[in-house]
Amino acid sequence: MAESDKLQRIVDARMKLKARFEDKIRNSPSVADNKPQGSGNPNRHGMPVVPVGQTITTKWPVLDLGIEPDIPLIEWQLKVDGEVEHPLLLSWEDLMALPQSEDQSDFHCVTSWSKLNMNWKGVRLLDLAAVAQPKDTATHILCHAYDDYTTNLSLEEALKPDVLLVHTYENAPLPKEHGGPLRIITPQLYAWKGAKWIKRIEFLPANKRGFWEERGYSNTAYPWRNDRYS
Ligand SMILES: Nc1nc2c(c(=O)[nH]1)N[C@H]1C(S)=C(S)[C@@H](COP(=O)(O)O)O[C@H]1N2
Ligand SMILES: [Mo]
């Protein structure tokens, strides 16, 4: 298939996915809450920039299970499977051939620090999903990482345009301790929903808890609802 046809197919599939989740996304708490908890000026979605219980930090703390896997780009792979029409096994080259997006967003950790205005570059999960094409039965994803961490997301959260598979931070390769070569970021949810060292994205027909969700953390993780535990 010619490159332009391939790109057109992604664009078409993305439009379809957007239409399918538009209402759910528009009504999701981190954009639609009429009593969001927090302080400061509104962010780009009208939520107070500092969610309830959070303190701004300028440093970027490292939080993980303590194993920081080393994945040479030549060996790196990302699998996309489960409830999709086109399962994928991407090399680093394949990933870089997908549409690339830049964004500035905030990072809210459940341990009560937030870091604002972070500059990212990567691939929208929406664009990757457009290639894999989730079946109508798909409702959630479970993200699996190279350190065996897992975390779940509903599709209406996962397919928001600011959810990126990030490889670049402030114009430099994402440092290994923060999930390089590739991690997910979820600016509208607490940061544990963003798997560092992402290895597999499994589309599911139902919700399934990940590592922290099985240990008492919230399935949904809305920062402006103080939605930390379940
Ligand atoms: N693979 C993996 N991803 C992970 C974690 C982890 O232990 N392993 N920890 C999560 C948690 S609890 C947080 S708060 C953020 C922290 O990201 P940072 O270390 O870049 O600040 O990563 C999340 N993603
Ligand atoms: Mo965390």
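Now for a look at the structure at hand. (Residues numbered from 1 in each chain as written. Chains lettered and ligands numbered in written order. Predicted model: local features only at pLDDT ≥ 70, side-chain atom pairs only at ≥ 80, totals over all residues. Heavy atoms only, no water.)

Brief notes about the nonpolar core
Here is step 1: Among the nonpolar cores identified, the biggest contains 49 residues, and Leu128, Leu165 and Ile201 are the most heavily contacted of them.
Here is step 2: Where this core is concerned, the elements lending two or more residues are helix 1 (3-26), strand 4 (78-82), strand 5 (88-90), helix 3 (92-97), helix 4 (125-132), strand 8 (140-145), helix 5 (155-158) and strand 13 (198-204).
Here is step 3: In terms of residue count, the dominant contributor to this core is helix 4 (seven residues).
Here is step 4: Among residues more than four places away in sequence, those in contact with Ile201 are Leu78, Lys79, Val80, Asp81, Leu125, Leu128, Ile141, Leu142, Leu165 and Ile184.
Here is step 5: The next biggest cluster of nonpolar side chains, apart from the first, holds 12 residues, and it includes Cys109, Met118, Trp120 and Ile185. (Core = buried A, V, L, I, M, F, W, Y, C linked by side-chain atoms within 4.5 Å. Buried < 20%, exposed > 50% of the residue type's maximum accessible area, 1.4 Å probe, protein only. Helix = DSSP H or I, 4+ residues; strand = E, 2+ residues; numbered from the N terminus. Contact = heavy atoms within 4.5 Å.)

Here's the deal with a nonpolar patch on the surface
Here is step 1: Taken together, the side chains of Leu65, Ile67 and Trp212 present a nonpolar region at the surface, about 250 Å² in accessible area.
Here is step 2: By secondary structure assignment, the location of Ile67 is in the loop between strand 3 (55-56) and strand 4. (Patch = residues over 30% accessible without salt bridge, like charges linked within 9 Å, V, L, I, M, F, W, Y side chains within 5 Å. Areas by Shrake-Rupley, 256 points an atom, 1.4 Å probe, with all protein chains shown as cover. Salt bridge = Lys/Arg side-chain N within 4 Å of Asp/Glu carboxyl O.)

Structural notes on the environment of Gln104
Here is step 1: Examined against the element boundaries, Gln104 turns out to sit in strand 6 (residues 101-108).
Here is step 2: The class of Gln104 is partly exposed, set by a relative accessible area of 40%.
Here is step 3: A C-alpha to C-alpha distance of 18 Å links Gln104 and Lys196, two positions 92 residues apart in sequence.
Here is step 4: Among residues more than four places away in sequence, those in contact with Gln104 are Arg44, Asn117, Met118 and Asn119.
Here is step 5: Within the structure, the side chain of Gln104 is placed 3.2 Å from the side chain of Asn119, a separation counted as a polar contact. (Polar contact = N/O pair within 3.5 Å; in protein donor to acceptor, adjacent residues only side chain to side chain.)

Observations concerning the site of ligand 1
Here is step 1: In the neighbourhood of ligand 1, 21 residues make up the surrounding shell, with Pro61, Asp147, His178, Arg183 and Lys196 lying closest.
Here is step 2: Between ligand 1 and Asp147, the relevant distance is 2.8 Å, taken from a nitrogen atom to a side-chain nitrogen or oxygen of the residue.
Here is step 3: One nitrogen or oxygen atom from the side chain of Lys196 is found 2.5 Å from an oxygen atom belonging to ligand 1.
Here is step 4: Put simply, ligand 1 lies in the largest pocket. (Near = heavy atom within 4 Å. 1 Å grid on protein atoms, 1.4 Å probe; cavity = no way out; pocket = protein on both sides within 12 Å on 5 of 7 lines; lining within 4 Å. Sits in = over half its atoms within 2 Å of the grid points.)

Side note on the pairing of strand 8
Here is step 1: Within strand 8, six of the six residues are buried, which leaves it mostly tucked inside the rest of the structure.
Here is step 2: Taken together, the five bridges between strand 8 and strand 9 (residues 150-154) define a ladder with antiparallel strand orientation. Counted as the bridge partner of Leu142 is Asn152 from strand 9.
Here is step 3: Taking the residues that link successive antiparallel strands as the turn, the strand 8-strand 9 hairpin has four residues, and the phi of Asp148 there is positive, at about 75°. (Pairing = 2+ DSSP bridges.)

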